[in-house]
4 protein chains.
Amino acid sequence: MTIAAANAATDLESDVRSYSRSWPTTFTHAKGSTLVDDDGREYTDFFAGAGTLNYGHNHPELKKVVIDHFLEDRIVHGLDMFTDVRRQFLETFNELILEPRDLDYKVAFPGPGGANAVEAALKLARKVTGRESVVNFTNAFHGMTLGALSVTGNSLKRGGAGIPLVHATPMPFDDYFGQVVPDFMYLERLLTDGGSGLNKPAAVIVETVQGEGGINAARAEWLRGLSELCTKHDILLIIDDIQMGCGRTGGFFSFEEAGIKPDMITLSKSISGYGMPLALTLLKPELDIWEPGEHNGTFRGFGPAFASGTKAFELFWSDDELEKSTIAKGAYIEGRFNQIAARHADQHELIVKGRGLARGLQLPTGELAGKVTSRAFEEGLLVETSGPSDEVVKLLPALTIPDDQLSNGLDIIESAVDEALSA
Amino acid sequence: MTIAAANAATDLESDVRSYSRSWPTTFTHAKGSTLVDDDGREYTDFFAGAGTLNYGHNHPELKKVVIDHFLEDRIVHGLDMFTDVRRQFLETFNELILEPRDLDYKVAFPGPGGANAVEAALKLARKVTGRESVVNFTNAFHGMTLGALSVTGNSLKRGGAGIPLVHATPMPFDDYFGQVVPDFMYLERLLTDGGSGLNKPAAVIVETVQGEGGINAARAEWLRGLSELCTKHDILLIIDDIQMGCGRTGGFFSFEEAGIKPDMITLSKSISGYGMPLALTLLKPELDIWEPGEHNGTFRGFGPAFASGTKAFELFWSDDELEKSTIAKGAYIEGRFNQIAARHADQHELIVKGRGLARGLQLPTGELAGKVTSRAFEEGLLVETSGPSDEVVKLLPALTIPDDQLSNGLDIIESAVDEALSA
Amino acid sequence: MTIAAANAATDLESDVRSYSRSWPTTFTHAKGSTLVDDDGREYTDFFAGAGTLNYGHNHPELKKVVIDHFLEDRIVHGLDMFTDVRRQFLETFNELILEPRDLDYKVAFPGPGGANAVEAALKLARKVTGRESVVNFTNAFHGMTLGALSVTGNSLKRGGAGIPLVHATPMPFDDYFGQVVPDFMYLERLLTDGGSGLNKPAAVIVETVQGEGGINAARAEWLRGLSELCTKHDILLIIDDIQMGCGRTGGFFSFEEAGIKPDMITLSKSISGYGMPLALTLLKPELDIWEPGEHNGTFRGFGPAFASGTKAFELFWSDDELEKSTIAKGAYIEGRFNQIAARHADQHELIVKGRGLARGLQLPTGELAGKVTSRAFEEGLLVETSGPSDEVVKLLPALTIPDDQLSNGLDIIESAVDEALSA
Amino acid sequence: MTIAAANAATDLESDVRSYSRSWPTTFTHAKGSTLVDDDGREYTDFFAGAGTLNYGHNHPELKKVVIDHFLEDRIVHGLDMFTDVRRQFLETFNELILEPRDLDYKVAFPGPGGANAVEAALKLARKVTGRESVVNFTNAFHGMTLGALSVTGNSLKRGGAGIPLVHATPMPFDDYFGQVVPDFMYLERLLTDGGSGLNKPAAVIVETVQGEGGINAARAEWLRGLSELCTKHDILLIIDDIQMGCGRTGGFFSFEEAGIKPDMITLSKSISGYGMPLALTLLKPELDIWEPGEHNGTFRGFGPAFASGTKAFELFWSDDELEKSTIAKGAYIEGRFNQIAARHADQHELIVKGRGLARGLQLPTGELAGKVTSRAFEEGLLVETSGPSDEVVKLLPALTIPDDQLSNGLDIIESAVDEALSA
């Protein structure tokens, strides 16, 4: 796109747009871990649609079922009518995902996006418990609609609400104070002290790895402790697995490693496998006290997304190959990051973060991290920052990224870090 | 699907599902205004995905651009990165929709569904004005996320929030009291009386025709009065055109007939033209005070929806043929409904409601209306009810429905009404 | 006080003070309906401590019991310990006030002032019903603490909260629209329409005559209609009789004339009979589900106030003389106001308002009403304004005011009105 | 009072009453630290009206000015009109309390009780900062009206609100975790982390010694740290000195020892010196941005309380004798408590708490503490419990209590503790 054309389109759009500021070009095509812009330039994708494209762009076998769905005039938009693709999706999800993990959940389709899944979970938790308050964690991100935003940490985003966000109390995420304090010391004390002033919460909502919050990975024992605390105090545990589920950290669910069984789970982003809008709220069967239609949404039955999602379960979750590969690739990134950090250790503290293929390299400042991602873009690599000061270079490559493309991308980051720190 | 299979799938899904209760069969294919179930039975669609399929199911020319988009590996999931399809969508929307109507709005992509568009509009209205309160209307429906739900009227849905819904004050919609009281008598008095106890609102949010609320069509002069009242009191006017926009009432925007220019407009449902998740929040340029990323959402850049939406603008909004046809078809339904009502007038009061192709026939009770739609389903017609007691048989056929299919469907309704009222 | 001394003291006090701006002198003594300032100047009191001094300043027989209480070292501050004066107060209240009126209420002592009584009533109504919302009325005044303020209409006072005031929906008070609309048309419709968007209220709170709101007197049939509506919809009716109770409108309770029995009643102001802080919340016995100490307050057992209150019941409520006298004096004021209004009718619309000894003369503007009260002050009469624009000259003389003092005060007002309107 | 009479009176009163359950007798007279019941039995008072009677019951010199006030027909009820007693109160407060401590505050009279003072402070803090959120502390108690209750910790009392209490976030009070964590570690981190999810607070509200919370005394350095933190982050510091001010901990203000200057201070309880309802909100002059009447209240100008308060300043705060005596008596109690604790140390952990004449002895359980206070009542000593489980025997004797009466009362407690622990 010419700059003039870009400007023209930009004039039509609200200034709220953000990614197009970091990556000022017009993308047209994509395949696997490569995007192409309108000048034909190729970019390696370490971003994967913010975790929406765990199986890469336009995976050929998924593409086939999607195109067939359209070609055959199957149901595209079905709300919550019964459709064959909806049934197949549910059955395959149950057979390949839930049953092998000994998990028993009912599935609600809360609307097309992750925020819908979070809103539905919070509503149901409140209805089930008769309580209003929710405990969330520092640097959490759960979405931008009012209910989801109230449990999100970022102050810019919170400020956008225009009303006081209430009913949520932030607690320290794992390692928020280093190893200074025992896990849950504050939360447990507040829950057991009848004079603490904490409204007893309906639910705790947590990400196992905080993506937007800076790739903060909770330890398995911390998650287990949280789960036990919730059980003990009769509080529902909601795992928001929108960004970290669907294999991002290795297993299909990011909490598998911890061996816990949350009361509710939110899924979206990569659940369709193809970047198509779909979201699920999983709930333990005994929590399913909703009246018909008590929560709904227009785009909660998008046929092509059911079709591609079903196929993705079959392709990637019939065995443990993807899980092993994800862990291996994650370990490779960690190793590379450790080298980079070690090399600069005498001058700068770089912190290596993450789990599976959610990885972060924390720079001393957000400005430096921004320099790294800008330089990476110039070198043909799409990678974003996250964290409260945007100080973490955040890697969410497709789980299917080829080894050499991963390696080459890391080379670009390494050079960019060296350059930024030597300036 | 066998009943056993249906049951199996049902066991996997939350009881919150609703449409599948009214229409207990499994749909597999659809084209135009016809759906097919897994027994090969055909159904005429007077529902159109709750207004999402204004151009019918799987329109062939739209299908072509969608399939091409996938075939060519174009960008499917782009967040708010610049993509060629995004630009074309914006430019075509501007050229074919906004400019010919002398409208000047910036477009925000607030997320994939209508609730996202409403949430974004409410957030921005509060940010711009520094006020929290919003005026909504009796029997309004704006969505199920917390912000949207707070301006929605239905008590079952509100109860699902699990927290008190605050910051909204319901005002009587047009004709709520028949012709007993002057328009806006109460709202205007509350606004001008410094002791009224009404928190001065940031915005008024309104549907021009309340679909879920029972096909209540506001008169053009009522809408103009509302717009003038908002201007006079420095309150932002948000038209929620999610269900009634995209030609449902004739013109592209449902408020065109009233000649008003709202401060913000929400669009979704039929905006992609193909049942694909997409939503827009339109805002007057001077309101665009958002910081980059202050509102966002994962699925706010769904490429195939941009492609089909662009094509839909070209196909249906390059001239006024669709508008004329919609008005003609709407008049035809009105005529048929008037005949039905007249025939029963000595025994039962049937109320004929609506505008364009949003039409309702209000039965004396919700039970009777339910009998009509159940009977219609048996006869192969999908039509739902709405209104606070589900007492309105609600017709939202595709704008493109062939005359004979429309006529045949109305025959089914007529018989079903006769049967229900004679019981 | 010299002006210098006044200024010195003023410098020590917050600018939030208000009455001292209208009446810029320093008062030192008072007796009956006469106050004296530090220059020895006398003022007739048509204000009675905003309705706190229904029996006048320093009534000699009440004074005797108060002084004896102090002299004998009886309990001054007793929280909710049993004390003899507390028991005597309760027994006398029951014997002389409740039983003769066939009323059965339990008494809670919610704290020293009216706002405490309102807060306690709202809390209990919410606890009993499990609902949060409350219906209040346009131009209501119930107090300045957060709960009471949320059901108060005045926008300046509401704005002082610094947070959005929620959980209350204002409905039109009696005659808010003249005779245009049937009573409760809007409220009843909202309550019966499941799609209205009104959160079902725990309670309705209402003043029978709105004092701060401009001496708006509800008709008895309106109050009866409200009571019936509440019963029908299982909503608690709270009468705030803080300013209008204790004989202000004739009977001890201002709602007696309407023949209703509210679920809760708040009393304060004149309940001690001597201007001493005391407040009661009366509740039907079946509503008394409080846990011990669930509501409390330091100054809820002020012995001298119990003593004077008990004596006031005996002095003024053992027969119906005061009631008759109040009604007669009220009628006299009404007659004088009607004459004034009639005399100016061709030039200005003066509206005569009120009931019993709560009387108002509404001037065309707040500015004119302010001129009247300023001029009255110069002539030695204390009278305030109320209403949303301070447009009502508000008379709350002591019920015990001698006829000639009342008459002379009205002469001053009459002259002041004439002067203001002729300017 | 006979039991029958007691029952009769009890039937008239709401079950919300509490102190009369612990002390089931009817009190009639009181002088100094001695109360008398209707059987003529005497009780030593270690309760002092929950801190309202710092100078004892019915102090003879204060009594004289109160009786004179009534005898001379001075203004009893003056709202915020200028009166001579109001002026004298302000001038004496300034001269004897503020100036000698180099404190510069404006005085607002927010209503008759402590909750009014807290409500006014919170409202003003929000108005000044434009923020809604407030930080409070675990086991705080600030009052029972909605605003004050929202910053109070006790769950029973919070539950009484009937609506979700929002806008406050509880932080750990001093020593809440023993010495495990650095002071303000969590609060400071939340304030500096833009992703913490804490709404930036308008104010921090804190008691220097938590009376209701269990006689938890903050260290001076903790208070200084809190003050510095507030300054650094531009948050207003409100010291609630309602129970601990007026000399309870030694100096007139309980924060003097810490050397801090809060932005606002609330005073009530002992401010009149005689158990009469009065409350003050002190504010730094630059915060005085209220509009006239933006906060008010009927009983904000109670003449006799001004008179006795003025006299109390003169009697007790013209020199430092009372302060020294309070500290000495407090040390005496501490010594006695330490002996008791030491004697039981091998079997039970008794914790000695407090500062000045706010002293607590924490028993292992609330049940044991209740046994102690019940036994004490039988022996003629009034002493209450506090703390989240009522596990702290709480001593708030009058500052003026004679040494031998103090000593005798402690003997009773010592025996009661021995008896309770040996059972």
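Just so we're clear, the structure is a prediction, and the values are computed from it rather than from any experiment. (Residues numbered from 1 in each chain as written. Chains lettered and ligands numbered in written order. Predicted model: local features only at pLDDT ≥ 70, side-chain atom pairs only at ≥ 80, totals over all residues. Heavy atoms only, no water.)

Enquirer: Quick question: what am I supposed to make of the overall build of chain A here?
Expert: When helices and strands are tallied, chain A shows 14 helices and 18 strands. For 423 residues, the compact-globule estimate of 2.2 N^0.38 gives 22 Å, and the C-alpha radius of gyration of chain A, at 21 Å, lies within 12% of that figure. If you line up chain A on its principal axes, its C-alpha atoms span 60 × 55 × 45 Å. Here chain A holds 423 residues, and 70% of them are scored as buried. (Helix = DSSP H or I, 4+ residues; strand = E, 2+ residues; numbered from the N terminus. Rg over C-alpha atoms; globule rule 2.2 N^0.38 Å. Buried < 20%, exposed > 50% of the residue type's maximum accessible area, 1.4 Å probe, protein only.)

Enquirer: Is there a simple way to explain the packing of helix 4 (residues 60–71) of chain A against helix 11 (residues 303–316) of chain A in this structure?
Expert: Relative orientation and spacing of two packed helices are given, respectively, by the angle between their axes and the distance between those axes. All names here are of chain A. Close contact between helix 4 and helix 11 brings their axes to 9 Å; oriented N to C, the two are set at 150 degrees. Considering the angle they form, helix 4 stands roughly antiparallel to helix 11. Crossing of helix 4 over helix 11 shows right-handed handedness. On the side of helix 4, the interface is formed by Glu61, Leu62, Val65, Val66, His69 and Phe70, while helix 11 contributes Gly303, Pro304, Ala307, Ser308, Lys311, Ala312 and Leu315. Each residue belonging to the contact of helix 4 with helix 11 can be placed in one class, and the counts come to eight nonpolar, three polar and two charged. (Axes fitted to C-alpha atoms, helices over the stretch in contact; angles between N-to-C directions. Parallel < 35°, antiparallel > 145°, perpendicular 65-115°, else oblique. Left-handed = near helix turned anticlockwise from the far one by under 90°. Contact = heavy atoms within 4.5 Å. Nonpolar A, V, L, I, M, F, W, Y, C, P; charged D, E, K, R; others polar.)

Enquirer: It is not clear to me how the relation of the copies chain A and chain B should be interpreted in this structure. Could you clarify?
Expert: The relation between the two chain copies is a rotation about an axis coupled with a shift along that axis. The operation relating chain A to chain B is a screw motion whose rotation component is 180 degrees, with 0.0 Å of axial translation and a residual RMSD of 0.0 Å. Put plainly, the chains are arranged around a two-fold axis. Minimal C-alpha separation from the rotation axis in chain A is found for Leu146(A), amounting to 2.6 Å. Of the residues that chain A buries at the interface, 100% are likewise interface residues in chain B, meaning the two copies contact each other through the same surface. (Least-squares fit on C-alpha atoms with pLDDT ≥ 70 in both.)

Enquirer: Just checking my understanding: could you explain the pairing of strand 1 (residues 27–31) of chain D for this structure?
Expert: Every other side chain in a regular strand lies on the same face of the sheet, so the side chains alternate between the two faces. Residue and element names in this part refer to chain D. Of the pairings in the sheet, the one linking strand 1 to strand 2 (residues 34–37) comprises four bridges and is antiparallel in character. In the strand pairing of strand 2, Ala30 is matched with Leu35. Taking the residues between adjacent antiparallel strands as the criterion, strand 1 and strand 2 are bridged by two residues, where Gly32 takes a positive phi near 60 degrees. (Pairing = 2+ DSSP bridges.)

Enquirer: What is the right way to look at helix 14 (residues 403–422) of chain A in this model?
Expert: Because the α-helix completes a turn every 3.6 residues, residues three or four places apart line up on one side. Helix length check: helix 14 of chain A (20 residues) gives 28 Å between terminal C-alpha atoms against 28 Å at 1.5 Å per residue, within 8%. Among the residues making up helix 14 of chain A, those that are buried are Gln405(A), Leu406(A), Ser407(A), Gly409(A), Leu410(A), Ile412(A), Ile413(A), Glu414(A), Ala416(A), Val417(A), Ala420(A) and Leu421(A). (Expected span 1.5 Å × (residues − 1).)

Enquirer: I tried to follow the packing of helix 13 (residues 366–378) of chain B against helix 14 (residues 403–422) of chain B on my own but got confused; where do I start?
Expert: All names here are of chain B. Interhelical geometry of helix 13 versus helix 14 gives an angle of 135 degrees and a closest axis separation of 9 Å. In terms of orientation, helix 13 and helix 14 fall into the oblique class. For the pair helix 13 and helix 14, the crossing hand works out as right-handed. Residues Leu368, Lys371, Val372, Arg375 and Ala376 of helix 13 form the contact with helix 14, whose own contacting residues are Ile412, Ile413, Ala416, Val417, Glu419, Ala420 and Leu421. When the residues that make up the contact of helix 13 with helix 14 are grouped by side-chain class, the tally is nine nonpolar, no polar and three charged.

Enquirer: Sorry, what's going on with the interface of chain A and chain B here?
Expert: Much of the literature gives interface size as the accessible area that the parts lose upon coming together. In this assembly, 101 residues from chain A lie in contact with 101 residues from chain B. Summed over both sides, the interface between chain A and chain B buries roughly 9,200 Å², with carbon and sulfur atoms accounting for 63% of that surface. The interface formed by chain A and chain B contains eight salt bridges. Between Lys31(B) and Asp73(A) there is a salt bridge, and its shortest N-O distance comes to 3.4 Å. Taken together, the links from chain A to chain B amount to 44 residue pairs in polar contact (both at pLDDT 80 or more). At six residues, the largest contribution of residues to the side of chain A that touches chain B is made by helix 5 (residues 84–98) of chain A. Split into classes, the residues belonging to the side of chain A that touches chain B amount to 45 nonpolar, 29 polar and 27 charged. (Buried area = accessible area lost by both parts, 1.4 Å probe. Salt bridge = Lys/Arg side-chain N within 4 Å of Asp/Glu carboxyl O. Polar contact = N/O pair within 3.5 Å; in protein donor to acceptor, adjacent residues only side chain to side chain.)

Enquirer: Help me understand the pattern of salt bridges, please; the structure alone is not making it clear to me.
Expert: Where charged atoms of side chains with opposite charge meet at close range, the side chains can pair. Residue and element names in this part refer to chain A. This structure, assessed with the given rule, holds 120 salt bridges over all chains. Here Glu256 and Arg101 are joined by a salt bridge, their closest N and O atoms 2.6 Å apart. One end of the pair, Glu256, is in the loop between strand 11 (236–240) and strand 12 (264–267); the other, Arg101, is in the loop between helix 5 and strand 4 (106–108), and 155 residues separate them in sequence. Judged by relative accessible area, Glu256 falls into the partly exposed class, the value being 25%. Put simply, Arg336, Arg343, Asp411, Glu414 and Asp418 are held in one network by salt bridges that share partners.

Enquirer: Quick question: what am I supposed to make of the environment of Leu315(A) here?
Expert: Residue and element names in this part refer to chain A. Its location among the elements puts Leu315 in helix 11. Put simply, Leu315 and Leu62 are 253 residues apart on the chain and 8.9 Å apart in space, counted from C-alpha to C-alpha. In this structure, Leu315 is in contact with His59, Glu61 and Leu62, ignoring residues within four places of it in sequence.

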